[in-house]
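# Fold and geometry: a report
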Amino acid sequence: MAEQHKEEAVKESLMDKISDKLHGRGDGSSSSSDSDDERSSASAAAAVKAKIYRLFGREKPVHSVLGGGKPADLFLWRNKRISGGVLAGATAIWLLFEVMDYHLLTLLCHCLILTLAILFLWSNASTFVNKSPPNIPEVKIPEDLAVNVARSLRYELNKGFATLREIGRGHDLKKFLIVIAGLWILSVLGSSCNFLTLCYIVFMVLYTVPVLYEKYEDKVDAFGEKAMVELKKYYAIFDEKCLSKIPKGPSKDKKQH
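The rules behind the values
Residues numbered from 1 in each chain as written. Predicted model: local features only at pLDDT ≥ 70, side-chain atom pairs only at ≥ 80, totals over all residues. Heavy atoms only, no water. Helix = DSSP H or I, 4+ residues; strand = E, 2+ residues; numbered from the N terminus. Buried < 20%, exposed > 50% of the residue type's maximum accessible area, 1.4 Å probe, protein only. Contact = heavy atoms within 4.5 Å. Areas by Shrake-Rupley, 256 points an atom, 1.4 Å probe, with all protein chains shown as cover. Patch = residues over 30% accessible without salt bridge, like charges linked within 9 Å, V, L, I, M, F, W, Y side chains within 5 Å. Salt bridge = Lys/Arg side-chain N within 4 Å of Asp/Glu carboxyl O. Phe/Tyr/Trp six-rings, centres within 6.5 Å; stacked < 30°, edge-to-face > 60°. UniProt positions renumbered as here; feature names shortened; annotations may be inferred.

Along its length, the protein chain carries 10 helices and 0 strands. With 257 residues in all, the protein chain has 9% of them scored as buried. A separation threshold of at least 6 residues defines the contact pool for the protein chain, and within that pool the share at least 24 residues apart is 56%. Approximately 21700 Å² of the protein chain is accessible, and the part contributed by carbon and sulfur atoms is 66%.

It is worth spelling out a nonpolar patch on the surface at this point. On the surface, Leu173, Phe176, Leu177, Ile180, Tyr235 and Phe238 cluster together into a nonpolar patch covering about 480 Å² of accessible area. Among the secondary structure elements, those contributing two or more residues to the nonpolar patch are α7 (173-192) and α9 (217-241). Of the residues forming the nonpolar patch, the biggest block, 4 residues, is contributed by α7. Checked against the element boundaries, Phe238 lands in helix α9. By relative accessible area, Phe238 is classed as partly exposed at 38%.

Glancing now at the packing of aromatic side chains. Taken as a whole, this structure holds 4 aromatic pairs when the rule is applied. For the pair Phe75 and Tyr207, a centre-to-centre distance of 5.9 Å together with 90° between the ring planes defines the contact as edge-to-face. Taken together, the residues Phe75 in helix α3 (residues 69-75) and Tyr207 in helix α8 (residues 195-215) connect sequence positions 132 residues apart. For Phe75, a relative accessible area of 18% puts it in the buried group. The exposure class assigned to Tyr207 is buried, which follows from its relative accessible area of 1%. A ring pair is formed by Trp94 and Tyr200, whose centres lie 5.0 Å apart and whose planes are at 10°; its orientation type is stacked. Here the residue Trp94 occupies a position in helix α4 (residues 80-99), and Tyr200 occupies one in helix α8, the gap between them amounting to 106 residues. On the basis of relative accessible area, Trp94 is assigned to the partly exposed category, the value being 23%.

In this section: the pattern of salt bridges. Taken as a whole, this structure holds 3 salt bridges when the rule is applied. For Glu138, the salt bridge is made with Lys140, and the minimal N-O distance between the two is 3.3 Å. Of the two residues examined, Glu138 and Lys140, each falls in the exposed class. Of the charged contacts in the structure, one is a salt bridge between Glu230 and Lys233, with a shortest N-O distance of 3.8 Å. Of this pair, Glu230 and Lys233 both sit in helix α9, separated by 3 residues, roughly a single helical turn. In this structure Glu230 comes out as partly exposed when scored by relative accessible area, which is 36%. By relative accessible area, which is 44% here, Lys233 ends up partly exposed.

Take the UniProt feature "transmembrane region" (unreviewed entry) in the protein chain next. UniProt feature "transmembrane region" (unreviewed entry): in the numbering of this structure it lies at residues 81-97, 103-122 and 176-209. Within the segment residues 81-97, helix and strand shares are 100% and 0% respectively, and the terminal C-alpha atoms sit 25 Å apart. Here residues 176-209 runs as 94% helix and 0% strand, with 26 Å between its end C-alpha atoms.

Dropping the structure here:
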């Protein structure tokens, strides 16, 4: 009897192990099928995102396009208090110089006079009232910062000069037309307003257009796709009727032969 009980116990333990293995395999297969479904859905979502038209061929989010970091946070109103303060300061400067006809040199001189007078009187009065004099910080421009700014400015200027040189050589008609149109628009704006007002308009555009575009991104991209299709259609007609009839000089290969 004892041997029968032992055999039955061994059989039950073997059956339990077999059932556990079977359940484990079933769970693994279900988990693998779930992971496969998740991967397929993720790949399908990525394919759909890839097919969506983005303005100017943009692949990164707006925050990354603006450079990321604090400047992008400022333009996209991540911190409304700081962004509102900068906007109020820029508006106050524009009102001072444009509406009230204040001059930049006069403003700088008046601010320096007021600051130096307050510090001078405070430093001399501190000996009579037994208080510590003001702690005036030592302001220095770091050498690394100045070098980096000069290098970036030099790089952008050289890039602009290279673009102008390439356009002047007549190799890219499309880029030539775009640059001419942009310069003409700037000349019209320059004739209707002065430089400070133009800078303020550009500042307001940077402060409003990115945040509105980020909010209504899908609608703007859909409208931009339709507009680009129409522009390409009209450009093809213009190229066929006008640009293709313009005589072109010999190519580089013909010149070499």
